[in-house]
Amino acid sequence: MPVPASLRPLLPDLPAGAVTRFAPSPTGLLHLGHVHAALFADALARAAGGRFLLRLEDIDGTRCRPHFAAAIETDLAWLGLRWAGPVRVQSRHMPEYRAALARLEARGLLYPCFCSRAGIQREIAAAGGAPQGPDGPAYPGTCRRLSADERAARLAAGAPHALRLDMAAALAAAPPGLSFHELGEGRLPCDPAPFGDVVLARKEIPASYHLCVTHDDALQGVTLVTRGLDLKPATHLHRLLQALLGWPEPAYAHHGLILGADGRRLAKRDRAPSLQALRAAGHGPEEVRRLAGW
Ligand code: GLU
């Protein structure tokens, strides 16, 4: 598969031997947006003489389904993609994420949060609003201010809780002047503060996207993170987590999103046509790659 013209400006900046990955969540069938993301990661790995990996980000057992996971592998193989080594399936590695959380906790950078979503909303409304962060309004810090006794009593009573990063403490503990390398743009300064005290382990799932993605990119030796522009703001937080946990820094390449006929980004929930539907309608891999902007 040749490198499309749109990728050429990135090539001079490409780390030699770059390891990339496609990391979908098996919450539905792959659509053209995923095809674009997978081809982008694969093309950059090829151009760098590196490796392309596949990872299933399936920690949310309420939304992920094994038959979607199986369909991802079938669809990618049909497209002509081959990934190096075994597929990393996040849900099989929860103890590893717990260990990473324990390291942050031991440094006093996490605290338990007992709030409900509705309770947080009420509090934000009562305060007349909250600064908007990349993942939604910043948490007002209610449980950060609990006394040690109160916290211990609630934990002893088995109250369900999330784990939040104490952003002020985390920023104080991290080296100053964090930045990230975006291919074709050079070094960009990081500003993770707008995330506020972000959730790193959810109440119902003892981990989170931000924690698992940075953990696994480090563990799998990913040296070039490729993903859609919608996730570029998350990079500011990911660099902070990498710095706190002593994980290596990958380079980043965020690609544009494939838009539907209505000009909005494709999403499973909007019934964007799946790869399976396109295949059933008689389209071949070449045609699907073209439809995905390749
Ligand atoms: N799992 C994420 C998604 O489905 C992508 C993660 C990443 O590439 O950082 O959008």
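Residues take numbers from 1 onward in each chain, read along the sequence in its written order. A pLDDT threshold of at least 70 governs which residues receive local features in this predicted model, and a stricter bar of 80 or more applies before side-chain atom pairs are shown or counted, although totals over entire chains, interfaces and linings include all residues. Side-chain descriptors were evaluated using all non-hydrogen atoms of the structure, hydrogens and water having been removed beforehand.

A.B. asks: How would you sum up the sheet that holds strand 10 (residues 199-201)? Please name residues and give values.
C.D. replies: Between any two strands, at least two bridges found by DSSP are needed for them to pair. Numbering of helices and strands runs from the N terminus; a helix is a DSSP stretch of H or I covering at least four residues, while a strand is a stretch of E covering at least two. Taken in spatial order, the 3 strands line up as 4-7-10 in an open sheet, and their pairing is antiparallel. In this open sheet, the two edge strands, each paired with only one partner strand, are strand 4 (110-113) and strand 10. Direction aside, the axes of adjacent strands within the sheet are offset by 45° on average. Where strand 4 and strand 7 (residues 162-165) come together, 4 bridges link them in antiparallel fashion. Looking across to strand 7, one finds that Cys 113 is bridged to Ala 162. Convention adopted: a line fitted to C-alpha atoms gives each axis, helices being fitted over their contacting stretch, and angles between N-to-C directions are expressed from 0 to 180 degrees.

A.B. asks: Please give an account of the site of the ligand that cites residues and values.
C.D. replies: Only a single heavy atom is needed: when it lies within 4 Å of a molecule or strand, its residue is near that molecule or strand. The environment of the ligand is made up of Arg 21, Ala 23, Pro 24, Ser 25, Glu 57, Tyr 209, Val 213, Arg 227 and Leu 231. The separation between an oxygen atom of the ligand and a polar side-chain atom of Arg 21 is 2.6 Å. One of the side-chain N or O atoms of Glu 57 is found 2.6 Å from a nitrogen atom in the ligand. All accessible-area figures derive from a Shrake-Rupley calculation using a 1.4 Å probe, and residue coverage is judged against the displayed protein chains alone. Contact with the protein chains covers 76% of the free accessible surface of the ligand, which is 300 Å². Of the residues assigned to the shell around the ligand, the class counts are 5 nonpolar, 1 polar and 3 charged. Pairing of N or O atoms within 3.5 Å defines a polar contact, subject to two protein rules: one partner must be a possible hydrogen donor and the other a possible acceptor, and residues neighboring in sequence count only if both atoms are side-chain atoms. Three residue categories are used. Nonpolar comprises Ala, Val, Leu, Ile, Met, Phe, Trp, Tyr, Cys and Pro, charged comprises Asp, Glu, Lys and Arg, and polar comprises the others, including Gly.

A.B. asks: Go over the sheet that holds strand 2 (residues 51-56), please, and point to the residues and values.
C.D. replies: If you trace the 3 strands from one edge of the open sheet to the other, you get 1-2-3, paired in parallel fashion. The sheet is open, and its two edges are formed by strand 1 (19-22) and strand 3 (88-89), each paired on a single side. Sheet topology places strand 1 next to strand 2; 4 bridges connect them, and they run parallel. Its bridge partner lying in strand 2, Phe 22 is registered against Leu 54.

A.B. asks: Help me get a handle on the pattern of salt bridges, residues and values and all.
C.D. replies: Criterion for a salt bridge: a side-chain nitrogen of Lys or Arg within 4 Å of a carboxyl oxygen of Asp or Glu. According to the stated counting rule, one finds 18 salt bridges in the structure shown. With a shortest N-O distance of 3.9 Å, Arg 63 and Asp 60 are connected by a salt bridge. Exposed residues in this analysis have more than 50% of their type's maximum accessible area, buried residues have under 20%, and partly exposed residues fall in between, with area computed by a 1.4 Å probe over protein chains only. A residue is classified by how much of its surface remains accessible, and Asp 60, at 8% relative accessible area, is buried. Where salt bridges share partners, they join Arg 21, Arg 55, Glu 57, Arg 88, Glu 96, Asp 216 and Asp 217 into one cluster.

A.B. asks: If you had to explain the packing of aromatic side chains to someone new, which residues and values would you point to?
C.D. replies: Centre distance within 6.5 Å is the pairing criterion for rings of Phe, Tyr and Trp, where only the six-membered ring of Trp is used; planes under 30 degrees apart are then read as stacked, over 60 as edge-to-face, and the remainder as tilted. Applying the stated criterion across every chain, the model contains 1 aromatic pair. An angle of 80° between the planes, with centres 5.8 Å apart, marks the rings of Phe 180 and Tyr 252 as edge-to-face. Placement of Phe 180 in strand 8 (residues 179-182) and of Tyr 252 in strand 12 (residues 251-255) is noted, with a sequence separation of 72 residues between them. The class of Tyr 252 is buried, set by a relative accessible area of 1%. Criterion for a charge above a ring: Lys NZ or Arg CZ within 6 Å of the ring centre, and within 35 degrees of the ring normal. Arg 164 extends its terminal NZ or CZ atom over the ring of Tyr 139, reaching a point 3.7 Å from the ring centre. For Arg 279, the ring lying beneath its charged end belongs to Trp 78, and the centroid distance is 5.1 Å.

A.B. asks: Hey, could you go over the layout of surface pockets for me, with residue numbers and the actual values?
C.D. replies: Throughout, the protein atoms alone are placed on a 1 Å grid, and a set of points is a cavity if a 1.4 Å probe fits but cannot get out or a pocket if it is open with protein on both sides within 12 Å along at least five of seven lines; lining residues have an atom within 4 Å of a point. Grid points are joined across faces, edges and corners, and a volume is the space filled by probe spheres set on the points. If you add up the space inside the second largest pocket, you get close to 190 Å³. Along its surface, the second largest pocket is lined by 14 residues, and Ser 6, Leu 10, Phe 40, His 254 and His 255 are the ones closest to its centre. Among the secondary structure elements, those contributing two or more residues to the lining of the second largest pocket are helix 1 (32-48) and strand 12. Per element, the largest residue contribution to the lining of the second largest pocket is 3 residues, and it comes from strand 12. For the lining of the second largest pocket, the residue count by class is 6 nonpolar, 6 polar and 2 charged.

A.B. asks: Before we move on, could you go through helix 1 and cite the residues and values that matter?
C.D. replies: The span you would expect from a helix comes to 1.5 Å times its residue count less one. With 17 residues, helix 1 extends 24 Å between its outermost C-alpha atoms, agreeing within 8% with the 24 Å of an ideal straight helix rising 1.5 Å per residue. Of all 17 residues in helix 1, 15 are buried; the element is thus mostly enclosed. Gly 49, located one to two residues past helix 1, shows a positive phi value of around 70°.

A.B. asks: I'd like to hear about the environment of Ile 205, residue by residue, with values.
C.D. replies: Within the fold, Ile 205 resides in the loop between strand 10 and helix 7 (209-219). Note: C-alpha distance between Ile 205 and Asp 60 (145 residues apart in sequence) is 6.8 Å. Those residues in contact with Ile 205 that lie beyond four places of it in its chain are Ile 59, Asp 60 and Met 94. Residues are treated as being in contact if the distance between any of their heavy atoms lies within 4.5 Å.

A.B. asks: Break down the nonpolar core for me, with residues and values.
C.D. replies: What is meant by a nonpolar core is a set of buried Ala, Val, Leu, Ile, Met, Phe, Trp, Tyr and Cys residues, joined one to another through side-chain atoms within 4.5 Å. Core analysis: the biggest nonpolar cluster contains 37 residues, and Leu 165, Leu 200, Leu 237, Leu 240 and Leu 244 have the highest contact counts within it. At the level of elements, helix 3 (94-106), strand 7, helix 6 (167-173), strand 10, helix 7 and helix 8 (234-245) are the ones that each hand at least two residues to this core. If sequence neighbours within four positions are ignored, Leu 165 has contacts with Leu 109, Leu 110, Tyr 111, Ala 170, Gly 196, Asp 197, Val 198, Leu 200, Leu 237, Leu 240, Leu 241 and Leu 244. Counting residues in hydrophobic clusters, the runner-up holds 23 residues, among them Leu 30, Val 35, Ala 69 and Leu 275.

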